[in-house]
Amino acid sequence: MVTSGSEGPLYDAIGVGYSTRRAPDPRVTAQIHWHLGDPADRPHVLNVGAGAGSYEPADRRVTAVEPSPTMVSQRPAAASAEVVRAVGGALPFPDATFDAATALLTVHHWPDAAAGLAEVRRVTTGPVVVFTFDHGVHARQWLVADYFPGVLELDRDVPSPQAIAHALGGGTVELLAVPHDCVDGFMHAWWQRPEAYLDAGVRAAISGLARLPGDDVAAGVERLRADLADGTWAARHADLLDRTELDAGYRLVVSPGVD
């Protein structure tokens with residue numbers, strides 16, 4: 001999910017397969033939608049960086065903003081959202097058009113996050129919900145620390161959750177724990193199922209891995225394959241095997257309404 005003009009062509013290349021690999025997890029869905037408020041009070045929602053449409057509420061009018069044709073083409077045929085080809089930093093809507101807004105795993109791709117968030121706040125009177133991540137916690141996860149450290153450089157400029165809240169005019173930061181059986185294949189979804197990362201299709205639906213140089217990916221995959229085969233991974237991460245959820249760094253930033 002992405003909204004920057006420069007990232008649109010990128011997702012035309014790497015976004016294939018998102019509609020099947022990135023199914024919305026119902027627990028994540030419930031946490032996001034709860035913050036949008038009552039549909040009767042907040043009937044029109046903006047989804048910026050909408051991608052293939054994950055996590056869009058079915059009980060409201062949704063306007064989706066997405067620049068990548070590849071991502072737009074994967075939206076469900078039955079989806080009722082209005083799709084606008086635009087970028088987050090220049091939303092083509094008047095002030096106070098929407099009752100609520102979402103930006104889900106997209107802000108780290110924006111070339112000017114502060115400007116994009118200001119635009120979202122400008123056009124939205126009610127709550128804005130941003131699904132993002134804490135870069136420091138993300139960096140400590142085994143997938144990154146042990147196998148694909150190059151992803152840290154790709155997202156080195158991601159704003160902190162607190163900075164996102166500030167850019168939206170204030171708000172709260174909430175932990176979004178990853179269930180052990182998460183069905184949405186974002187980067188750390190498979191923290192208890194490491195063999196999944198050996199699947200090229202799984203990796204292709206994770207933008208951080210899909211953007212890495214091929215040699216870096218191949219080296220990381222081979223290290224992981226060897227560690228799984230000889231029991232190194234299981235021994236190193238035995239503490240994870242009985243857990244039902246994990247703080248992998250994902251956060252919801254919730255900025256309250258201004259109306």
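The rules behind these values
- Residues numbered from 1 in each chain as written.
- Predicted model: local features only at pLDDT ≥ 70, side-chain atom pairs only at ≥ 80, totals over all residues.
- Heavy atoms only, no water.
- pLDDT = per-residue confidence, 0-100.
- Contact = heavy atoms within 4.5 Å.
- Buried < 20%, exposed > 50% of the residue type's maximum accessible area, 1.4 Å probe, protein only.
- Helix = DSSP H or I, 4+ residues; strand = E, 2+ residues; numbered from the N terminus.
- Arc of directions from axis to C-beta.
- Core = buried A, V, L, I, M, F, W, Y, C linked by side-chain atoms within 4.5 Å.
- Salt bridge = Lys/Arg side-chain N within 4 Å of Asp/Glu carboxyl O.

A. Structural detail: the confidence of the model for the chain. The predicted model of the chain has a mean per-residue pLDDT of 90, with 90% of residues at 70 or higher. Low pLDDT, under 50, characterises residues 1-15; the stretch is placed with 52 contacts to residues that sit more than four places away or in other chains.

B. A look at helix α3 (residues 26-34). When α3 is considered as a whole, its buried residues turn out to be Val28, Thr29, Ile32 and His33. Down the axis of α3, the sector holding all buried residues measures 125°, keeping them to one side. Looking at the buried positions of α3, the neighbouring elements they touch are β4 (100-104), β5 (128-133) and β9 (250-255).

C. Expanded view of the nonpolar core. Phe131, Trp142, Phe148, Phe186 and Tyr250 are the most contacted members of the largest nonpolar core, which has 41 residues in total. Residue assignment for this core shows that the elements contributing at least two residues are α3, β4, β5, α7 (142-147), α12 (214-229) and β9. Residues within four places of tyrosine 250 in sequence aside, it is in contact with Leu105, Phe131, Thr132, Phe133, Glu174, Leu175, Leu176, Val178, Phe186, Met187 and His188.

D. Structural view of the pattern of salt bridges. Inspection of the entire model under this criterion finds 14 salt bridges. Across the salt bridge formed by arginine 27 and aspartate 25, the nearest N and O atoms sit 2.8 Å from each other. Accessibility expressed as a relative area gives 38% for arginine 27, which makes it partly exposed. Ionic pairing is found between arginine 27 and aspartate 181, a salt bridge with its closest N-O pair at 2.7 Å. On the criterion of sequence distance, the pair formed by arginine 27 in helix α3 and aspartate 181 in the loop between β7 (178-179) and α10 (200-204) is long-range, its members being 154 residues apart. The structure contains a network of salt bridges with shared partners spanning Asp25, Arg27 and Asp181.

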